[in-house]
Amino acid sequence: MLTLRSMRTSIGSRGRLTAILLLAFGLVPCLASSAQAANGIFDPQATYTTGSSPYSVAVGDFDGDGDPDLAVANYGADSVSVLLGTAGGGFAAKTDYPTGAYPQSVAVGDFNGDADPDLAVANYYSHSVSVLLGTAGGGFAAKTDYPSGDTPYSVAVGDFNGDADPDLAVTNASVSSVSVLLGTAGGGFAAQTDYPTGVNPRSVAVGDFNGDADPDLAVANAGADSVSVLLGTAGGGFAAKTDYPTGSGPISVAVGDFDGDADPDLAVANFFSSSVSSSVSVLLGTAGGGFAAKTDYPTGSGPNSVVVGDAFSVAVGDFNGDADRDLAVANSRSNSVSVLLGTAGGGFAAKTDYPTGAHPLSVAVGDFNGDADPDLALANANAGSVSVLLGTTPVPVFSVSPTTKAYGTQVTGTTSSAQTFTVTNTGTADLAIATATLAGTDAAQFTKGSDTCTGQSVAPAATCTVQVSFAPGSVGAKAATLRFTDDATGSPHDVTLSGTGTAPVFSVSPTTKAYGTQAIGTTGAGQTFTVTNTGTAALAIATATLAGTDAAQFTKGSDTCTGASVAPAATCTVAVSFAPGSAVGAKAATLRFTDDAAGGPHDVALSGTGTAPVFSVSPTTKAYGTQAIGTTSAGQTFTVTNTGTADLAITTATLAGADPGQFTKS
């Protein structure tokens with residue numbers, strides 16, 4: 001059993017005793033299920049300044065403009081802050097109104113029947129309830145205090161005696177009772193009547209548990225690990241309590257019909273369920289006002305306040321619009337709010353946590369921006385603020401990385417390494433990607449490889465990928481887009497692709513060479529052939545060889561081209577000479593370059609003529625006849641003619657044979 005003293009010690013590191021929001025019975029507008037809106041997702045918090053140590057928050061339309069407003073009990077400032085709502089879910093700066101000492105809880109009701117909502121505040125150290133009657137325009141008159149039991153911890157509103165004047169129920173933590181103050185005409189309250197509860201009652205909620213139209217009470221007993229149910233009787237009285245076990249340290253209770261059987265059920269936040277994680281106990285109502293054994297659901301660490309997701313007789317919110325009531329739990333230790341979506345039959349799915357301010361002690365539900373998505377307000381005790389989390393319709397959000405890709409230069413006819421484009425769904429709903437295609441003027445210059453996006457549904461925070469390579473078919477700048485067609489805002493989503501197709505260009509000078517005539521057996525002067533790469537990519541030259549029928553009539557000398565990689569604008573050279581062999585006549589061959597440029601192999605035409613002298617003499621014989629010895633005959637002239645194609649070099653003309661001395665040369 002947990003006493004008030006032990007509870008206070010356990011929470012002391014957080015400051016003053018924790019507070020609970022008690023939802024007003026029948027006074028906060030129902031947030032009905034809506035097929036168009038609610039989805040159980042909440043935007044990040046917006047914070048608004050309150051007084052010191054806000055312990056409790058309640059919702060009402062105080063100025064009658066249709067924008068819900070907030071009332072916050074400031075435990076450390078002996079005041080209640082009123083924040084009037086503005087269009088779009090925002091709130092104006094607070095206005096503070098004095099209360100009793102250490103206000104612990106606030107509830108809303110129309111106590112004087114003037115249609116201006118009023119406030120009831122439980123004052124922990126004043127042992128009273130302050131009632132602040134609303135005035136036109138959202139203001140409040142000075143407080144009127146009504147005695148309660150000792151250390152009133154929370155307050156709830158209901159019409160217990162059926163006279164249309166709202167009444168109050170107040171838990172008294174140190175004396176283990178609940179005080180009932182019946183409302184009177186004009187917004188006053190009669191003296192309290194006390195009813196026993198379990199030890200250290202921290203929270204009270206109102207509902208008609210047995211269906212007799214007399215409102216009943218549910219009280220969370222932090223020191224008894226139980227919830228007390230007090231069934232209402234005619235005239236505003238209550239029968240003796242019936243206790244039902246809960247988790248450890250129950251600190252807040254709320255009412256809703258979780259299983260849809262028309263018997264109200266209870267949700268109880270258990271502050272001390274575990275040193276690591278707390279829980280919510282759900283007790284399903286049974287016919288006649290009883291409750292089945294609890295079922296526990298984990299929440300964040302230290303739930304201090306719990307409200308229910310739809311209406312039976314309390315402020316409600318069906319967060320995901322499925323007509324199954326949901327829970328929101330303020331987690332004072334982990335500075336978060338847990339949302340537990342209801343399932344068919346009164347169960348609840350695993351929690352989803354959303355950050356809040358420091359040490360949230362109370363949570364309330366309202367539609368602050370009028371979009372039919374229930375919103376949350378939380379009082380942050382250690383931050384002097386209230387956090388507002390607007391409910392939102394989940395949507396997919398398309399994000400891709402990288403958003404552009406410049407592939408640089410790529411030789412035509414080759415393919416670059418693949419670039420992986422990663423699509424991330426940064427939204428809150430599945431992202432449906434219909435196609436991932438290449439588009440644009442130069443789409444054919446790119447190739448799509450692996451694609452895990454097309455036709456896929458990408459869950460929130462999940463990814464898919466597409467790989468694209470650059471494969472230019474021609475030179476020059478190329479541009480295309482990788483286009484994703486999907487169901488996110490802004491579709492189609494394009495990724496800009498660019499690259500430049502490059503290629504080597506072979507140029508040789510001279511392009512032909514006519515060597516002219518060359519005596520066979522000799523070698524002419526060499527001709528240098530200069531190859532220039534006039535393209536935009538390196539030129540790879542495998543070989544420079546002599547080819548053709550008369551290739552052997554030519555000789556290759558110096559060669560800086562074979563096996564070379566010639567950069568753009570660079571050169572290499574090959575020297576070739578004409579060296580005709582034994583045969584005279586016209587000769588033709590090619591200097592052939594084998595390379596990776598377009599149009600290869602590239603040939604240079606070579607030509608030349610092999611030449612040689614031809615000796616012809618006339619007459620070829622001479623018979624001188626008879627000649628007397630000692631005398632000399634008439635001379636015979638021998639004529640030598642060069643009938644060839646090269647000069648005839650005659651070295652000597654001499655007489656030879658058996659009788660050269662018998663002849664004379666002149």
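Since the structure is predicted, the reported quantities are computational estimates derived from the model, not experimental observations. One numbering rule holds for all chains: residues counted from 1, following each sequence as written. Restriction of local features to residues with pLDDT of at least 70 applies here, the model being predicted, together with a cutoff of 80 or more for giving and counting side-chain atom pairs; totals for whole chains, interfaces and linings are based on all residues. By convention in this description, side-chain values take in all heavy atoms of the structure and omit both hydrogens and water.

Participant: What is the right way to read the overall build of the protein from this model?
Facilitator: What counts as a helix is a DSSP run of H or I of at least four residues, what counts as a strand is a run of E of at least two, and both are numbered from the N terminus. Summing up its helical and strand segments, the protein has 1 helix and 62 strands in all. Its C-alpha atoms give the protein a radius of gyration of 52 Å, clearly above 26 Å, the size a compact globule of 666 residues would have. Over its C-alpha atoms, taken along the principal directions, the protein stretches across nearly 190 × 45 × 45 Å. Working definition of accessibility: Shrake-Rupley area with a 1.4 Å probe, residue cover restricted to the visible protein chains. On the protein, roughly 26,100 Å² of surface is accessible, and the fraction owed to carbon and sulfur atoms is 54%. Positive charges are assigned to Lys and Arg, negative charges to Asp and Glu, while His and the chain termini are left out of the count. Taken as the charge location is NZ of Lys, CZ of Arg, CG of Asp or CD of Glu. For the protein, the separation between the mean place of its 22 positive charges and that of its 54 negative charges on side chains is 27 Å. Two things to know: the radius of gyration comes from C-alpha atoms, and the globule rule equals 2.2 Å times the number of residues to the power 0.38.

Participant: Help me understand the state of the cysteines, please; the structure alone is not making it clear to me.
Facilitator: Disulfides are covalent bonds that link the sulfur atoms of two cysteine residues. By disulfide we mean two sulfur atoms from cysteines, separated by a distance within 2.5 Å. Counted under the stated rule, the structure contains 2 disulfides. In this model Cys453 forms its disulfide with Cys464; the gap between the sulfur atoms is 2.1 Å. Handedness here is read from the sign of the S-S torsion; for Cys453 and Cys464, about 100°, the answer is right-handed. Placement of the pair is Cys453 in the loop between β47 (446-451) and β48 (456-458) and Cys464 in strand β49 (residues 463-470), with a sequence separation of 11 residues. Here Cys453 matches Cys464 in class, with each residue buried. Each sulfur in the disulfide pair Cys561 and Cys572 lies 2.0 Å from the other. When the S-S torsion is 100°, as for the bridge of Cys561 with Cys572, the disulfide is right-handed. Taken as a pair, Cys561 in the loop between β56 (554-559) and β57 (565-566) and Cys572 in strand β58 (residues 571-578) lie far apart in primary sequence, 11 residues in all. When the bonded cysteines of the protein are numbered from the N-terminus onward, they pair as 1-2, 3-4. Relative accessibility under 20% of the residue-type maximum defines a buried residue, over 50% an exposed one, and the middle range a partly exposed one, all with a 1.4 Å probe and only protein chains included.

Participant: Please clarify how the sheet that holds strand β26 (residues 242-245) should be interpreted in this entry.
Facilitator: Pairing between the strands of a sheet comes from backbone hydrogen bonds, and it takes one of two forms, parallel or antiparallel. Read across the open sheet, the 4 strands follow the order β21-β22-β23-β26; overall the sheet is antiparallel. Whereas interior strands pair on both sides, the edge strands pair on one side only; in this sheet they are β21 (201-207) and β26. Averaged over all pairs of adjacent strands, the angle between their axes in this sheet comes to 25°, without regard to strand direction. In this structure, strand β22 (residues 216-221) lies alongside strand β23 (residues 226-230), joined through 5 bridges in antiparallel fashion. Looking across to β23, one finds that Asn221 is bridged to Ser226. For two strands to be treated as a pair, DSSP must find no fewer than two bridges joining them. To define axes, lines are fitted to C-alpha atoms, for helices over the stretch in contact only, and angles between the resulting N-to-C directions are given on a 0 to 180 degree scale.

Participant: What's the story with the nonpolar core in this structure? I'm lost.
Facilitator: Side chains that are nonpolar tend, in soluble globular proteins, to be buried together. Ranked by internal contacts, the top residues of the largest apolar core, which has 22 residues, are Phe529, Val531, Ile541, Val576, Leu591, Phe593 and Leu606. Contributing elements (two or more residues each) for this core: β52 (506-509), β54 (527-533), β55 (539-547), β58, β59 (585-595) and β60 (602-611). The greatest single-element share of this core, amounting to 4 residues, is contributed by β58. Contact between two residues is taken to exist if any of their heavy atoms lie within 4.5 Å; hydrogens are not considered. The contacts of Leu591, once residues within four sequence positions are left out, are Phe529, Ala544, Thr545, Leu546, Val574, Val576, His602, Asp603, Val604 and Leu606. Note on terminology: a nonpolar core comprises buried Ala, Val, Leu, Ile, Met, Phe, Trp, Tyr and Cys residues joined through side-chain atoms within 4.5 Å. Formed by 21 residues, the second largest nonpolar core is a distinct cluster that contains Ile433, Cys464, Ala480 and Leu482.

Participant: How should the environment of Ala586 be read in this particular structure?
Facilitator: When you line up the elements, Ala586 lands in strand β59. Overall, the relative accessible area of 65% leaves Ala586 in the exposed class. For Ala586 and Gly608, which are 22 residues apart along the polypeptide, the C-alpha to C-alpha distance reads 5.8 Å.

Participant: Hey, could you run me through the packing of aromatic side chains in this one?
Facilitator: For any pair of aromatic rings, the description rests on two quantities: the centre-to-centre distance and the angle between the ring planes. To pair, rings of Phe, Tyr and Trp, with the six-membered ring standing in for Trp, must have centres within 6.5 Å; the planes then decide the type, stacked if under 30 degrees apart, edge-to-face if over 60, and tilted in the middle. Tallied over the entire structure, the rule returns 28 aromatic pairs. Consider the rings of Tyr102 and Tyr125, whose centres lie 4.4 Å apart with planes at 70°: the pair is edge-to-face. Placement of the pair is Tyr102 in the loop between β8 (95-98) and β9 (103-109) and Tyr125 in the loop between β10 (118-123) and β11 (128-132), with a sequence separation of 23 residues. Overall, Tyr102 belongs to the partly exposed group, its relative accessible area being 23%. A ring pair is formed by Tyr244 and Phe291, whose centres lie 5.5 Å apart and whose planes are at 75°; its orientation type is edge-to-face. Note that Tyr244 is positioned in strand β26 and Phe291 in strand β31 (residues 290-291), a separation of 47 residues in sequence. By relative accessible area, Tyr244 is classed as buried at 15%.

Participant: What is the right way to look at the pattern of salt bridges in this model?
Facilitator: If charged atoms from side chains of opposite charge come close, those side chains can pair. The term salt bridge refers to a side-chain nitrogen of Lys or Arg lying within 4 Å of a carboxyl oxygen of Asp or Glu. Across all of its chains, the model carries 9 salt bridges by this definition. Put simply, Lys294 and Asp296 hold a salt bridge, and the shortest N to O gap is 2.6 Å. Among the residues examined, Lys294 registers a relative accessible area of 32% and is labelled partly exposed. For Asp296, a relative accessible area of 36% gives the class partly exposed. Ionic pairing is found between Asp494 and Arg483, a salt bridge with its closest N-O pair at 2.7 Å. Here Asp494, found in strand β51 (residues 493-502), pairs with Arg483, found in strand β50 (residues 476-486); they are 11 residues apart in sequence, far enough to count as distant.

Participant: Explain the sheet that holds strand β15 (residues 152-158) to me, please; I cannot follow it from the model alone.
Facilitator: Ordered by their spatial adjacency, 4 strands build an open sheet running β15-β16-β17-β20, and the pairing between neighbours is antiparallel. In the strand order of this sheet, the two ends are held by β15 and β20 (193-196), each with one partner. Averaged over all adjacent pairs, the angle separating strand axes in this sheet is 25°, with direction ignored. Taken together, the 4 bridges between strand β17 (residues 177-181) and β20 define a ladder with antiparallel strand orientation. The residue bridging Val178 from the neighbouring strand is Tyr195, located in β20.

Participant: Got a minute to help me understand the side chain of Asn380 in this structure?
Facilitator: As for its placement among the helices and strands, Asn380 is situated in strand β40 (residues 375-380). On the basis of relative accessible area, Asn380 is assigned to the buried category, the value being 0%.

Participant: I would appreciate a short explanation of the environment of Ala377 in the present structure.
Facilitator: Within the secondary structure layout, Ala377 lies in strand β40. Separated by 127 residues in sequence, Ala377 and Pro504 have C-alpha atoms that sit 69 Å apart. Those residues within four positions of Ala377 in sequence are excluded, and the remaining contacts are Val57, Leu70, Ser362, Val363, Ala364, Phe368, Val386 and Ser387.

Participant: When you look at the pairing of β22 in this model, what are you seeing that I'm missing?
Facilitator: Successive residues of a regular strand alternate their side chains across the two faces of the sheet. In terms of burial, β22 is largely enclosed, as 6 of its 6 residues are buried. Side-chain alternation along β22 places Asp216, Ala218 and Ala220 on one buried face and Leu217, Val219 and Asn221 on a second face that is also buried. Sheet analysis places β21 next to β22, joined by 6 bridges and oriented antiparallel. Bridged to Gly207 within β22 is Asp216. Two successive antiparallel strands, β22 and β23, enclose a turn made up of 4 residues, where Asp225 displays a positive phi of approximately 50°.

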